[in-house]
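Examining the three-dimensional arrangement
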Amino acid sequence: KINTNENPYPPSPKVYDALAQLNDQALRRYPPVLWDDFRQVAAKVHNVDPEMIICGNGGDELLTILVRCCCDDTRPLAYPVPTYSLYPILAKIQDNPVIEIPWGKDYSIPNALVETNAPLTILCNPNAPTGTMVELDEVKKLADALDGVLVLDEAYVDFAAGNCLPLVQQCDNVLILRSMSKGYSLAGIRFGYAIAPLRIIEAMIKVKDSYNVNFLTQKIATAALSDREYFQEIRQKICEIRQFLTTKLANLNFKIIPSDANFVFCSPPGG
Ligand SMILES: *Cc1c(COP(=O)(O)O)cnc(C)c1O
């Protein structure tokens, strides 16, 4: 089943060590409200303050929270298309308008996206389903030009050469969204997190359920993120296989868009 872009490799063995160490108290109590252990590990890995991190049941829950925080029937959600099919669904559940702008030439940021000046703009980077990526300096220009919040959905960034994390220290309106479903082989536990300036994180925490992420998920996510060596090994393998697949498809005369993700967007010769 390839349309969900799950990772073909198992998660880090540290995940199973963490599960084996559970005692009988662990499940009796409510889980940490502010994901303390995960925040500590993620803060070190990404070199940010723990308070700049929010966790959710997959990146998808954080997208839901963002739409609830930023949009209403007069405040639209804007994004370039084609992209992740969930964005319009989240807006439409709340009867919020969406502004869909076609990608620019070679999947660059379209000028019209700046002009919408929407309270919430989402840039999927690398984008699904194209696998294309916009460079950090172009993203920064967009962030500077917008008054509203700019979400960088980095669900596939684990397979990319760069990322836009530095922008959370430079811009007060940028949020970086990460998922453990693809790069960490953990789609089954439902865990994602976001990194953003405090004012955005604090607003989102007001909207989330108090015990939004269950104890087992927090435990597993923390163990997996800690294992940097395993993560790099799997990520490297997938990038090599992507290169192999790209070369083989090119030999078969497929039209291919070079990918920064764990999938390749291509069309067969003759359409
Ligand atoms: C997979 C994915 C997400 C988040 O998925 P979760 O499993 O909810 O963490 C977000 N955006 C895109 C584009 C995705 O492909």
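Residues numbered from 1 in each chain as written. Predicted model: local features only at pLDDT ≥ 70, side-chain atom pairs only at ≥ 80, totals over all residues. Heavy atoms only, no water.

1. Digging into the side chain of Asn 173
Relative to the assigned elements, Asn 173 resides in the loop between α7 (167–170) and β6 (174–179). Residue class for Asn 173 comes out buried when judged on its relative accessible area of 4%. A distance of 2.9 Å separates the side chain of Asn 173 from the backbone oxygen of Ala 143, its partner in a polar contact. Excluding anything up to four places from it in sequence, Asn 173 contacts Ala 143, Leu 146, Gly 148, Val 149, Leu 150, Arg 199 and Ile 200. (Helix = DSSP H or I, 4+ residues; strand = E, 2+ residues; numbered from the N terminus. Buried < 20%, exposed > 50% of the residue type's maximum accessible area, 1.4 Å probe, protein only. Polar contact = N/O pair within 3.5 Å; in protein donor to acceptor, adjacent residues only side chain to side chain. Contact = heavy atoms within 4.5 Å.)

2. Observations regarding the site of the ligand
Residues in close proximity to the ligand include Gly 58, Gly 59, Asp 60, Tyr 84, Cys 124, Asp 153, Ala 155, Tyr 156, Ser 179, Ser 181, Lys 182 and Arg 190, which together make up its full environment. One of the backbone N or O atoms of Gly 59 is found 2.7 Å from an oxygen atom in the ligand. Tyr 156 is positioned such that a nitrogen or oxygen atom in its side chain is 2.7 Å from an oxygen atom of the ligand. A total of 380 Å² of accessible area belongs to the ligand in isolation, and the protein chains cover 94% of it. It is helix α3 (residues 58–70) that contributes the most residues to the shell around the ligand, three residues altogether. The residue inventory of the shell around the ligand, partitioned by class, reads four nonpolar, four polar and four charged. (Near = heavy atom within 4 Å. Areas by Shrake-Rupley, 256 points an atom, 1.4 Å probe, with all protein chains shown as cover. Nonpolar A, V, L, I, M, F, W, Y, C, P; charged D, E, K, R; others polar.)

3. Here we look at the packing of helix α1 (residues 13–20) against helix α9 (residues 215–226)
Where α1 contacts α9, the two axes come as close as 8 Å, and the packing angle between them is 140 degrees. Judged by the inter-axis angle, α1 sits oblique to α9. Once α1 is placed against α9, the crossing between them reads as right-handed. Within the contact between the two elements, α1 uses Lys 14, Val 15, Ala 18 and Leu 19 and α9 uses Leu 216, Lys 219, Ile 220, Ala 223 and Ala 224. (Axes fitted to C-alpha atoms, helices over the stretch in contact; angles between N-to-C directions. Parallel < 35°, antiparallel > 145°, perpendicular 65-115°, else oblique. Left-handed = near helix turned anticlockwise from the far one by under 90°.)

4. Considering the sheet that holds β6
Across the sheet, which stays open at both edges, the seven strands sit in the order β1-β7-β6-β5-β4-β2-β3 with mixed pairing between neighbours. Looking at which strands have only one partner, the edges of the open sheet turn out to be β1 (53–56) and β3 (98–102). Within the sheet, the average angular offset between the axes of one strand and its neighbour, ignoring direction, is 25 degrees. Direction of pairing for β6 relative to strand β7 (residues 192–195): antiparallel, over a ladder of four bridges. Looking at the pairing, Arg 178 lines up with Tyr 193 of β7. (Pairing = 2+ DSSP bridges.)

5. Topic: the pairing of strand β4 (residues 120–124)
On a regular strand, one side chain projects to one face of the sheet and the next to the other, so that they alternate. Extensive coverage of β4 is indicated by the burial of five of its five residues. In terms of strand pairing, strand β2 (residues 77–81) meets β4 through two bridges, oriented parallel. For Leu 77, the partnering residue across the bridge sits in β4 and is Leu 120. Where β4 and strand β5 (residues 149–153) come together, five bridges link them in parallel fashion. By the bridge assignment for β5, Leu 123 is matched with Leu 152. With respect to chirality, the unit in which β4 leads through helix α6 (residues 136–145) into the neighbouring parallel β5 is right-handed. (Right-handed = clockwise from strand over helix to strand, strands pointing away.)

6. Examining the environment of Val 157
Summarising the element assignment, Val 157 is placed in the loop between β5 and α7. Looking at Val 157, the relative accessible area reads 6%, which means it is buried. Between the C-alpha atom of Val 157 and that of Asn 125, which follows or precedes it by 32 residues, the distance is 7.1 Å.

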